[in-house]
Amino acid sequence: MTMFDMLVNLNNDAILQEHIRTTVPHQQGYQIVRTPSIFSDEVAHFAEREFSPMWASEARHSLYHTPSDSYAAIFNNHVIGFCAFNATAKAFFGPTGVHHDHRGKGIGRVLLVNALLTMKSQGYAYAIIGGVNEAAGFYEQTVNATRIEGSEDHSVYTHMGITF
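Residues numbered from 1 in each chain as written. Predicted model: local features only at pLDDT ≥ 70, side-chain atom pairs only at ≥ 80, totals over all residues. Heavy atoms only, no water.

(A) A look at the packing of aromatic side chains. The tally for this structure, following the rule as stated, stands at 9 aromatic pairs. On the numbers, 4.8 Å between centres and 25 degrees between planes, the contact of F51 with W55 is stacked. Since its relative accessible area comes to 26%, F51 is described here as partly exposed. For W55, a relative accessible area of 29% translates into the label partly exposed. Pairing F93 with Y139 gives two aromatic rings, centres 6.3 Å apart and planes at 75 degrees, and the pair type is edge-to-face. Linking F93 in strand β5 (residues 92-98) with Y139 in helix α4 (residues 136-143), this pair joins segments that are 46 residues apart in sequence. Looking at F93, the relative accessible area reads 2%, which means it is buried. (Phe/Tyr/Trp six-rings, centres within 6.5 Å; stacked < 30°, edge-to-face > 60°. Buried < 20%, exposed > 50% of the residue type's maximum accessible area, 1.4 Å probe, protein only. Helix = DSSP H or I, 4+ residues; strand = E, 2+ residues; numbered from the N terminus.)

(B) The arrangement of the side chain of S151 in detail. Structurally, the position occupied by S151 is in the loop between β7 (146-147) and α5 (156-159). According to the relative accessible area criterion, S151 is buried, its value standing at 4%. Here the side chain of S151 touches I148 through a polar contact of 2.7 Å, landing on its backbone oxygen. Once residues lying within four places of it in the same chain are set aside, the contact partners of S151 are M3, F4 and D5. (Polar contact = N/O pair within 3.5 Å; in protein donor to acceptor, adjacent residues only side chain to side chain. Contact = heavy atoms within 4.5 Å.)

Pasting the structure below:
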C-alpha cells in the first residue's frame, strides 16, 4: 500500500469557512474539544488500542503542548475519536481516527476542520496531511487537499527511517 502526503491551503476560506464547532451536526451527545490534560491519557490509550503504538506516540507528542495540539471527540464522557497536529513535524496534521462504531456521523470532518483552523490561527499558511492512503478521497472532498508529488518516495517518514 503506497502512502503519500497531501497539502491543504489554509488561506482558502471557501474550505475553512465554518466556525469552530464543539458538537457534531445532528448528533446528540457528541462533543469536540481541544484536548484538555484530563483526557490526555485516555486519548493516548485510545489511539494505541484502536489504531497503533506509533499513533499513540504521535498523539502523546501533540498532547504535551499547552494548549494541546490535539482535539478529542467525546461521547458519554469517553474518547471515541481524536486528531493530532504538529506531532510528526511542524505543519503536519495527523494522525486522526474515530472508533468504528461512531464513523459516518461527521466526527472526523469536525476534528479535521477544527485542527486546520487552529493551525491557521497559529500562523501556518499550509498544512500537510502525512502518510495518506485510502483516506485521500475524504481529504480531497472535505478540504480540497492535493497530493504532493514525489512524497511517496521522499516523505518525512522515509527520512526518519520509517517504512509502512
